[in-house]
Amino acid sequence: MKKTLTALLLATALIASAQSFVNLTPRPKSAVVNDGQLTLPPRLTVAYGSLPDSISREAARFVSDLNAATGLQAEAHSTGDGLIRLRHVADCAAEGYRLQVTTQGILVEATTTSGFFYAFQSLKKILPANVMARRYDAGKCYTLPCITVQDEPRFAYRGFMLDVSRHFFPVSELKRMIDLMAAYKMNYFHWHLTDDQGWRAEIEEYPRLTTVGATAPNCRVVDMQRGTYWTDRPYGPYFYTKTEMREVVEYCAQRHITVIPEVDMPGHFVAALAAYPEYSCDPANPPSVWTKGGVSREVLNVANPRAVAFAKHILGELCDIFPGPYFHIGGDECPTDAWKQNADCQRLVESEGLPNFRTLQSRFIEDMTTYLAERGKRTILWNESITAQGADLERVGRNRPIIFCWHPCQRAARMAAEQGLLNVVTEFHTNAGSYYINRKQSTAPGEPDGAGQGDDTVERCYNYVPVPTDVPEALQPFYWGVQATFWCEWVATADYLEYLALPRLMAVAEAGWTQQADKDFQDFRRRMSLDRELLDLGGYNYGKHIF
Ligand code: ACM
């Protein structure tokens, strides 16, 4: 009898959980599945009433995606009643929305244009996978469960960074990743455009950046079929024209993603110095574009006013391309050895009475953040700008930069918050997890060569806690968000990029959107198993380790 009762209770619980399950990632704040379903008819209207153009455009894009995938003939109209109705409300969070699907129709409510966008993303995600994938399939029945969703993100910043310096990826591959960012409600694309191994952004005033600076003497390729090899020939010149950069900005904007360009300086600047050695600390011995990884001692001569003007001019040209409010200028891993050997730098330290050579970097950052602020941009920096021994926090913090924290991530995030600076958590590596989603995710034999030891698993990435419970409530508002970061020293091909990034990209997307208490790895794994259909339809390669 007791056994029967237990079995009955278990069965009831299973049915209840089956009914409340909805394949929506990131997991929404609240989703209640009710009885019944709604099958979309061949013709339907999305009624947006008197809502402003920015919102009616979202309705039109939804209709276009829906029709392209389903063959239905949906139309967006301002007048009349629609099967899908949009209603502006005052009480949703900035990117939040409410969805009510009944057997009679769908009510979409939001306060902002982004809120409506995310509501439509959720609708597409709940429909069969070919709708989000925008793959035509007229043979399907387009049915939604009756459901009530109330949703809003945990964090304002939900980012993905791609390093296109170490290896270059064409705009078509960027768009594939941006499509997934949008599907999983990520909202910032951090574009790491320059580094020691290649300069990838066209700058009209300095054409050698994209000839000399965009060509490495050799290239290591990890080929997923053939293994690892060196090409033994020049790699490049590979770079994005201004037209291409604008195209990416526009593609992102349509998906409510802001592009943050990064020009890493004054370290990680070898590609620029190879092109213009007069701005290095030792012009008589010009460096070449790097082929290896690690940290170079060749850095910008920050005590040479012409070198500083060079850096400012580069930022200025790019400010015209990237309309977003943020500009990342790196600031990570900058050895001071070359400054110590350089007469200009020695003189500057002496004449200004600087306490150490690290302060040259803090002084440079202050100058650049001021320059960017004059152009309406807020600067973003890697955490060494505040955590490096000898950094001058007052100079660095003067223009309220945002600190991207990678190593030591949590100590840096706490320190930034205590300075009153916003931070973004993008953990490099701990036993508790990593948001560096280029690192090897498995120790299994046969895994391709890559960064890390293979212990940066999907589960650890998912379970990493971005805001530890001991962060005082007063500091929590400074935790702006989370970022999945992807470096490409080992990654030269699109299939390997996707294999490493997916599905850890979605794990970080969920960390950005979903409340900590609502996260559950087994539930995530179940949803990702279903999302294989979406990835397969898009022809994505992805890690199969958790399936
Ligand atoms: C970094 O990984 N050097 C930011």
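Keep in mind the model is a prediction, meaning the values are calculated, not measured. (Residues numbered from 1 in each chain as written. Predicted model: local features only at pLDDT ≥ 70, side-chain atom pairs only at ≥ 80, totals over all residues. Heavy atoms only, no water.)

1. Things to note about unusual backbone geometry
Cut-off, in case you're wondering: Only runs of H or I of at least four residues qualify as helices and only runs of E of at least two qualify as strands under DSSP, and these elements are numbered from the N terminus.
Following His407, the chain continues to Pro408 via a peptide bond in cis, the omega torsion being -5°. Mapped onto the fold, Pro408 is located in the loop between β17 (402-405) and α14 (409-418). Residue Leu502 is joined to Pro503 through a cis peptide bond whose omega torsion reads 10°. Non-glycine residue Arg134 carries a positive phi angle of around 55°.

2. Observations regarding empty space enclosed by the protein
This is how the line gets drawn: Think of a 1 Å grid over the protein atoms and nothing else: a 1.4 Å probe that fits but is trapped marks a cavity, an open set flanked by protein within 12 Å on at least five of seven lines marks a pocket, and residues with an atom within 4 Å of a point count as lining. Grid points are joined across faces, edges and corners, and a volume is the space filled by probe spheres set on the points. Three classes are used: nonpolar for Ala, Val, Leu, Ile, Met, Phe, Trp, Tyr, Cys and Pro, charged for Asp, Glu, Lys and Arg, and polar for all others, with Gly counted as polar.
Taken as a whole and judged by the stated rule, the model has 1 cavity of 30 Å³ or more. Its volume calculated, the largest cavity comes out at about 130 Å³. The wall of the largest cavity is formed by 14 residues, among which Arg166, His167, Gln197, Thr291 and Glu489 lie closest to the centre. Residue composition of the lining of the largest cavity, by class: 5 nonpolar, 5 polar and 4 charged.

3. Details of the pattern of salt bridges
We count it as follows: In the sections that follow, a salt bridge refers to a side-chain nitrogen of Lys or Arg positioned within 4 Å of a carboxyl oxygen of Asp or Glu. Summary of the burial criterion: residues with accessible area below 20% of their type's maximum are buried, those above 50% are exposed, and those between are partly exposed, where the area comes from a 1.4 Å probe applied to protein chains only.
Throughout the structure, instances matching the rule amount to 34 salt bridges. The residue Glu152 makes a salt bridge to Lys29 at a minimum N-O spacing of 3.4 Å. Of this pair, Glu152 sits in the loop between β7 (143-151) and β8 (157-163) while Lys29 sits in the loop between α1 (2-20) and β1 (30-39), and the two are 123 residues apart along the sequence. We classify Glu152 as partly exposed; its relative accessible area is 27%. For Arg255, the salt bridge is made with Asp179, and the minimal N-O distance between the two is 3.4 Å. A residue pair is termed long-range when its members are at least 10 positions apart, and Arg255 in the loop between α6 (242-253) and β14 (258-262) and Asp179 in helix α5 (residues 171-183) qualify at 76 residues. Where salt bridges share partners, they join Glu366, Asp392, Glu394, Arg395 and Arg398 into one cluster.

4. Let's talk about the sheet that holds strand β6 (residues 105-110)
Stated precisely, the cut-off is as follows: We call two strands paired when DSSP finds no fewer than two bridges between them. Only the contacting stretch of a helix is used when fitting its axis, a line to C-alpha atoms as for every element, and angles between N-to-C directions run 0 to 180 degrees. The contact definition used throughout considers only heavy atoms, calling two residues in contact when any of these lie within 4.5 Å.
Across the sheet, 7 strands lie side by side as β1-β7-β5-β6-β4-β2-β3; this open sheet has mixed pairing. Because the sheet does not close on itself, it has two edges, and the strands there are β1 and β3 (73-77). Recorded for the sheet is a direction-independent mean angle of 20° between the axes of neighbouring strands. The sheet contact formed by strand β4 (residues 84-88) and β6 spans 5 bridges and is parallel. Note on β6: the bridge partner recorded for His88 is Ala110. Helix α2 (residues 53-70) contacts β2 (43-47), β3 and β4 of the sheet and is inclined by roughly 175° relative to β3.

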